[in-house]
Amino acid sequence: MESAAALNSPQADPVRAEFPPHAARQWELLDEPDEWMEFSRRVQLPEGDARVCWESTVVFDGMHCAACAVTIEDALRATPGVHSVEVGAASHRGRVVWEEGATRPSAWMQAALKVGYRPLPAHDAFGAERRVHETRTMMWRLGVACLCMMQVMMYATPAYFTAPGEIEPDIVHLLRWASWVLSIPVLLFCCQPFFRNALLDLKLRRVSMDLPVSLGMLITFVVSTLGTFEPTGVFGREVFFDSLTMFVFFLLTGRWLELRLRDRTAGALENLMHRLPESVERQRADDTWERVAARRVRVGDMVRVLPGEAFPADGLVRKGETTADEALLTGESTPLARGPGSKVIAGSHNLTSVVEVQVLHVGSETRYAQIVGLMEAASTSKPRIAQLADRLAKPFLILVLLAAGLACAWWWPSDPGHALMIAVAILIVTCPCALSLATPAAMLASAGSLAKRGVLVRRLQALEVLASVDTVVFDKTGTLTRDAFVLERIRTRPGVTREEALSMGAALAQDSLHPVSRALVAEANQAGMVSEAWLVRDSREVSGQGVMAELGSSDSVWRHVRLGSQAFCMGTANSIAAAGADAGAGESKDTGDSLNSHLSDSEGWLASFEWREDLREDAAQAVAALKAQGIRVHLLSGDRPQAAARVGQLAGINDVRGGCSPSDKLNAMQQAQQAGAVVAMVGDGLNDGPSLAGANVSFAFGRSVPLAQAQSDFVVLGERLLSIPAAVLRARRTMRIVKQNLAWAAAYNAVGIPLAVVGWMPAWLAGLGMAASSLLVVLNALRLSATAPLERGLEIRLDRSTKQPPERTLDEPLAHMPSLGA
């Protein structure tokens with residue numbers, strides 16, 4: 001990728017406002033569709049809107065605080081053709097929605113570059129090399145600052161431990177000169193990033209955290225230099241080279257640790273983004289194999305994946321047997337067996353042997369691309385608290401500059417040197433970074449931890465809502481029960497064979513995502529029935545009811561056919577119950593232990609398919625864990641009341657309601673919300689769309705969830721229902737840490753500013769406090785990345801739930817909330 005290499009060149013100046021011709025050409029390389037599609041996806045616009053818009057994800061170099069994020073957003077929004085921008089201060093990532101034809105990536109990228117922040121494609125293959133270069137440069141600056149600080153402290157120590165006059169004036173003057181010489185490399189090399197950004201701030205008439213910091217550094221050096229050159233002058237009483245070098249060292253240490261911790265926090269996303277192979281073996285027309293770039297693979301191609309390689313696309317194994325590692329994509333830690341007929345997903349790793357795979361989906365259509373897209377959206381989203389902190393960052397910094405000026409004016413008559421150092425302490429100690437990082441750092445760490453367990457967070461704000469949930473509503477089919485159904489019986493009317501009914505049903509169900517439809521198609525494929533033998537037109541799915549279409553074949557006329565529930569198929573000449581009796585079935589009534597789907601045409605009942613569904617292994621455990629956290633659990637199902645009651649009994653859910661249409665589920669939740677409940681909905685992500693959208697927070701559950709269409713705040717990629725109580729527990733812990741971070745940041749500024757104003761806080765201590773405040777916030781947030789505390793907490797709650805009843809049970813409804821089953 002020539003363009004990525006050019007943009008990642010260490011010689012590229014991230015704050016250069018003027019672009020020479022060769023630099024402009026480097027950015028224009030990204031204007032090619034093949035280039036921008038590597039880090040962009042097309043935005044789905046409302047029907048009738050002819051515009052073509054793209055959503056690009058980029059990383060911004062040079063960011064340090066919330067004010068930086070606001071500056072970038074303002075610059076990009078001012079670019080014609082850019083519709084929306086969202087930049088995360090903690091993740092340093094941005095999401096830019098722009099219109100093709102009105103602008104190009106080079107235009108809005110150069111707008112960000114002009115305000116001092118270099119944008120880089122989030123998927124660029126040179127990201128690791130860039131981070132290594134950034135870390136190495138930071139380590140050099142930190143090393144020089146550390147060495148010079150130790151030497152300057154050695155020269156300054158005698159002045160702290162001797163009485164005035166004990167050291168000869170010439171020796172004192174020599175030590176000052178030595179300290180001045182050692183401070184020069186600190187000022188010119190170690191402070192270079194701060195000064196560069198501060199100069200750009202002045203040029204663009206803006207303010208960021210680097211401006212007060214740079215002013216503090218310059219004032220300290222100038223005052224100390226005047227004291228060194230004129231020992232008898234107004235500033236000759238004391239020099240502060242030790243404070244300067246210590247402050248720079250502490251600040252660089254804090255930023256270096258923040259850099260390392262940020263990379264670790266975003267590790268799940270970074271690992272995902274670079275899972276695809278650079279190349280893969282593709283079969284030629286003459287059955288030989290050639291190695292091609294992975295992005296040249298197309299749907300229908302046959303590729304050969306070697307052990308240790310990642311699958312380049314979603315596909316179907318045609319030859320060979322192996323095991324695949326899907327841990328980062330589904331949360332399933334155990335390698336999964338994959339043989340002929342098994343599906344594999346892009347980004348998973350082939351572990352044991354060579355397999356040949358037919359490509360089904362490539363690029364943005366793969367599940368891998370959809371997962372990465374969801375994680376990127378979460379990394380750039382801003383919770384309400386973070387948005388408030390961003391809005392307050394710039395006014396806060398302006399107040400800091402005014403406070404420093406007023407304090408300096410107040411103290412100037414008594415001691416000009418002391419007055420300037422008080423101003424320096426105020427400039428340094430007041431740090432909005434801790435406030436701006438308090439919320440997003442914790443939520444990003446939590447989102448990364450959940451992603452490792454197969455739970456994707458679509459909006460960081462949802463974590464805050466989830467922490468306050470007191471009611472969880474489950475759907476039944478495909479959620480509490482397994483996705484896969486077992487076909488037990490097929491009953492047909494006279495003249496219709498079992499095979500004909502199965503192939504007709506599969507033809508109708510092939511485009512449906514309902515678990516019963518998928519099971520019907522799988523059963524037909526396993527039996528060797530070819531659903532393509534039937535022609536399908538005007539197919540339409542009614543959410544929660546069934547599928548209707550016109551079926552025909554080469555030797556028959558078209559006929560209207562329905563597949564679905566008994567009520568859905570009743571709008572025909574005969575009722576299903578009566579037809580079943582006429583057919584001699586005598587068992588057309590649905591039983592409590594089975595699920596029936598029906599097939600009918602214009603003449604009446606055609607066939608009934610009897611299924612059995614099984615409860616997921618951990619369903620009862622998940623319900624018990626939720627109850628142990630004081631959460632009420634309900635089951636709302638579109639299935640028959642008898643079947644819903646059976647599943648509810650097995651899962652330990654007392655409040656069960658069957659026969660619910662999507663609107664019934666939505667109305668029941670809205671009634672609970674009006675009574676004061678905070679409701680979380682767990683469904684399959686598509687058929688439960690209205691109720692998922694209407695809940696306070698929602699989970700789309702199941703490995704077959706269509707990620708691009710799922711209307712939910714969380715997506716559970718694996719098959720474990722215990723992920724739901726674990727996510728609730730994680731959200732509550734996240735909000736506790738957010739509150740701790742906010743309390744610490746507010747307390748630090750409330751204590752530090754008065755101490756600096758009255759002159760009780762030297763500049764070096766202010767620098768230490770500033771670095772420590774941001775570092776403590778990030779370290780506290782990093783506790784959310786640990787795995788063990790979450791699992792232990794869930795086990796403790798499960799254990800308690802088996803020994804004592806929860807505080808709030810379904811048998812004793814809360815006074816303020818009506819039962820959802822009413």
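**Thoughts on the side chain of Lys627**
Piece 1. Locating Lys627 in the fold gives a position in helix H23 (residues 619-628).
Piece 2. A polar contact of 2.5 Å, which involves the side chain of Lys627, links it to the backbone oxygen of Gly652.

**A few points about the packing of aromatic side chains**
Piece 1. Scanning the model with the defined rule gives 8 aromatic pairs in all.
Piece 2. Ring centres 5.5 Å apart and planes at 80 degrees place the aromatic pair Trp177 and Trp180 in the edge-to-face group. Here the residue Trp177 and the residue Trp180 both occupy positions in helix H7 (residues 169-190), the gap between them amounting to 3 residues, near one helical turn.
Piece 3. Given the relative accessible area of 30%, Trp177 is considered partly exposed.
Piece 4. Through a chain of ring-to-ring contacts, three or more aromatic side chains come together here, namely Trp177, Trp180 and Phe229.
Piece 5. Between Arg141 and the ring centre of Phe189, over which it is positioned, the NZ or CZ distance is 5.2 Å.

**Notes on the sheet that holds strand E15 (residues 455-457)**
Piece 1. The 7 strands are arranged E15-E27-E26-E25-E16-E23-E24 in an open sheet whose pairing can be described as mixed. Of all the strands in the sheet, the pair left with one neighbour each is E15 and strand E24 (655-657). The average angle at which neighbouring strand axes cross in this sheet is 20 degrees, direction not considered.
Piece 2. Pairing analysis gives 3 bridges linking E15 to strand E27 (residues 714-716), with the strands arranged antiparallel. Each bridged residue has a counterpart across the sheet, and for Val455 the counterpart in E27 is Val716.
Piece 3. Contacts from helix H27 (residues 723-757) reach E15, strand E25 (679-683), strand E26 (697-701) and E27, with the element oriented near 145 degrees to E26.

**Notes on the nonpolar core**
Piece 1. Within the largest apolar cluster, 57 residues are counted, with the highest numbers of intra-cluster contacts made by Val213, Met217, Val248, Leu252 and Met770.
Piece 2. Ranked by the residues each element gives to this core, the list is headed by helix H15 (residues 416-429), at 11 residues.
Piece 3. Formed by 48 residues, the second largest nonpolar core is a distinct cluster that contains Leu466, Leu626, Ala731 and Val738.

**Side note on the sheet that holds strand E13 (residues 349-350)**
Piece 1. With antiparallel pairing, the 3 strands of this open sheet are ordered in space as E11-E10-E13. Only two strands of the sheet have a single partner each, and these edge strands are strand E11 (336-338) and E13.
Piece 2. With 2 bridges connecting them, strand E10 (residues 322-325) and E13 associate as antiparallel partners. The residue bridging Ala324 from the neighbouring strand is Asn350, located in E13.

**Comments concerning unusual backbone geometry**
Piece 1. Positioned with a positive phi, Asp287 is a non-glycine residue whose angle comes to about 70 degrees.
Piece 2. By the element assignment, Asp287 lies in the loop between strand E6 (279-283) and strand E7 (289-293).
Piece 3. Looking at Asp287, the relative accessible area reads 54%, which means it is exposed.
Piece 4. For Asp538, which is not glycine, the phi torsion reads 55 degrees and is therefore positive.
Piece 5. For Asp538, a relative accessible area of 61% translates into the label exposed.

**Re H27**
Three- or four-residue spacings in an α-helix give side chains the same orientation, since the helix completes a turn every 3.6 residues.
Piece 1. For H27, with 35 residues, the first-to-last C-alpha span of 50 Å sits near the 51 Å given by 1.5 Å per residue.
Piece 2. Looking at the residues trailing H27, positive phi occurs at Gly759, about 85 degrees.

**Here's the deal with the pattern of salt bridges**
Piece 1. Within this structure, the stated rule accounts for 16 salt bridges.
Piece 2. Note that Glu603 and Arg493 form a salt bridge whose closest N and O atoms lie 3.3 Å from each other. Highlighted residues: Glu603 in the loop between strand E21 (595-601) and strand E22 (604-612) and Arg493 in the loop between strand E17 (486-492) and helix H19 (498-509), separated in sequence by 110 residues.
Piece 3. A relative accessible area of 55% means that Glu603 is categorised as exposed.
Piece 4. With a closest N to O distance of 3.4 Å, Arg559 and Asp601 form a salt bridge. Of this pair, Arg559 sits in strand E20 (residues 559-564) while Asp601 sits in strand E21, placing them 42 residues apart in sequence.

**Points about a nonpolar patch on the surface**
Piece 1. A grouping of Ile398, Leu399 and Leu402 is seen on the molecular surface, where their side chains present a nonpolar patch of about 300 Å² in accessible area.
Piece 2. The partly exposed category is assigned to Ile398, whose relative accessible area is 44%.

**Focus: the environment of Lys343**
Piece 1. Structurally, Lys343 can be placed in strand E12 (residues 343-344).
Piece 2. With relative accessibility at 58%, the residue Lys343 sits in the exposed group.
Piece 3. It is 9.9 Å that separates the C-alpha atoms of Lys343 and Val359, two residues lying 16 residues apart in sequence.
Piece 4. Here Lys343 is in contact with Gly315, Leu316, Arg338 and Leu360, once residues within four sequence places are set aside.

**Focus on the confidence of the model for the protein chain**
Piece 1. Summary statistics for the protein chain give a mean pLDDT of 77 and a share of 77% for residues scoring 70 or more.
Piece 2. Across residues 1-23, confidence stays below pLDDT 50; counting only partners more than four residues off in sequence or on other chains, it has 42 contacts.

**Considerations on the packing of H19 against helix H20 (residues 515-526)**
Piece 1. Here H19 crosses H20 at 130 degrees, and the two axes come no closer than 8 Å. Judged by the angle between their axes, H19 and H20 are oblique. Judged by the twist between their axes, the crossing of H19 over H20 is left-handed. Mapping the contact onto sequence places Leu502, Gly505, Ala506 and Ala509 in H19 and Ser517, Leu520, Val521, Glu523 and Ala524 in H20.
Piece 2. For the contact of H19 with H20, a count of residues per class yields 6 nonpolar, 2 polar and 1 charged.

**Regarding the environment of Val557**
Piece 1. Note that Val557 resides in the loop between strand E19 (546-552) and E20.
Piece 2. What makes Val557 exposed here is its relative accessible area of 67%.
Piece 3. Discounting chain neighbours no more than four positions away, the residues touching Val557 are Leu551 and Gly552.

**Considerations on H20**
Piece 1. Under the 1.5 Å per step criterion, the end-to-end length of H20 is 16 Å for 12 residues, consistent within 8% with the ideal 16 Å.
Piece 2. A positive phi of about 80 degrees marks Gly528, the residue just after H20.

**Regarding the packing of H7 against helix H8 (residues 192-204)**
Piece 1. The contact between H7 and H8 brings their axes to 5 Å, and the two run at 50 degrees. What the angle tells us is that H7 and H8 run oblique. Side by side, H7 and H8 meet where Leu187, Leu188, Phe189 and Cys190 of the first sit next to Gln192, Pro193, Phe194 and Phe195 of the second.
Piece 2. Residues that form the contact of H7 with H8 fall into these classes: 7 nonpolar, 1 polar and no charged.

**Things to note about the pairing of E26**
Remember that side chains alternate between the two faces of the sheet whenever the strand is regular.
Piece 1. Within E26, 5 of the 5 residues are buried, which leaves it mostly tucked inside the rest of the structure.
Piece 2. Residues of E26 alternate between two faces, with Val697, Phe699 and Phe701 on one and Ser698 and Ala700 on the opposite face, all of them buried.
Piece 3. Bridging between E25 and E26 involves 4 bridges; their strand directions are parallel. Note that in E26 the partner of Met681 across the bridge is Ser698.
Piece 4. Across 3 bridges, the pairing between E26 and E27 is parallel. Following the sheet pairing, Phe699 is matched in E27 by Phe714.

**A short note on the state of the cysteines**
Piece 1. Following the criterion strictly, the structure yields 0 disulfides and no others.
Piece 2. With no disulfide of its own, Cys148 lies 6.4 Å from the sulfur of Cys190, the closest cysteine sulfur.

**Some thoughts on the pairing of E22**
Piece 1. Most of E22 is tucked away, with 8 of its 9 residues classed as buried.
Piece 2. Examined bridge by bridge, E17 and E22 share 6 bridges and lie antiparallel to one another. By the bridge assignment for E22, Leu487 is matched with Trp611.

Cut-offs and rules
Residues numbered from 1 in each chain as written. Predicted model: local features only at pLDDT ≥ 70, side-chain atom pairs only at ≥ 80, totals over all residues. Heavy atoms only, no water. Helix = DSSP H or I, 4+ residues; strand = E, 2+ residues; numbered from the N terminus. Polar contact = N/O pair within 3.5 Å; in protein donor to acceptor, adjacent residues only side chain to side chain. Phe/Tyr/Trp six-rings, centres within 6.5 Å; stacked < 30°, edge-to-face > 60°. Buried < 20%, exposed > 50% of the residue type's maximum accessible area, 1.4 Å probe, protein only. Lys NZ or Arg CZ within 6 Å of the ring centre and 35° of its normal. Pairing = 2+ DSSP bridges. Axes fitted to C-alpha atoms, helices over the stretch in contact; angles between N-to-C directions. Contact = heavy atoms within 4.5 Å. Core = buried A, V, L, I, M, F, W, Y, C linked by side-chain atoms within 4.5 Å. Expected span 1.5 Å × (residues − 1). Salt bridge = Lys/Arg side-chain N within 4 Å of Asp/Glu carboxyl O. Patch = residues over 30% accessible without salt bridge, like charges linked within 9 Å, V, L, I, M, F, W, Y side chains within 5 Å. Areas by Shrake-Rupley, 256 points an atom, 1.4 Å probe, with all protein chains shown as cover. pLDDT = per-residue confidence, 0-100. Parallel < 35°, antiparallel > 145°, perpendicular 65-115°, else oblique. Left-handed = near helix turned anticlockwise from the far one by under 90°. Nonpolar A, V, L, I, M, F, W, Y, C, P; charged D, E, K, R; others polar. Disulfide = S-S within 2.5 Å.

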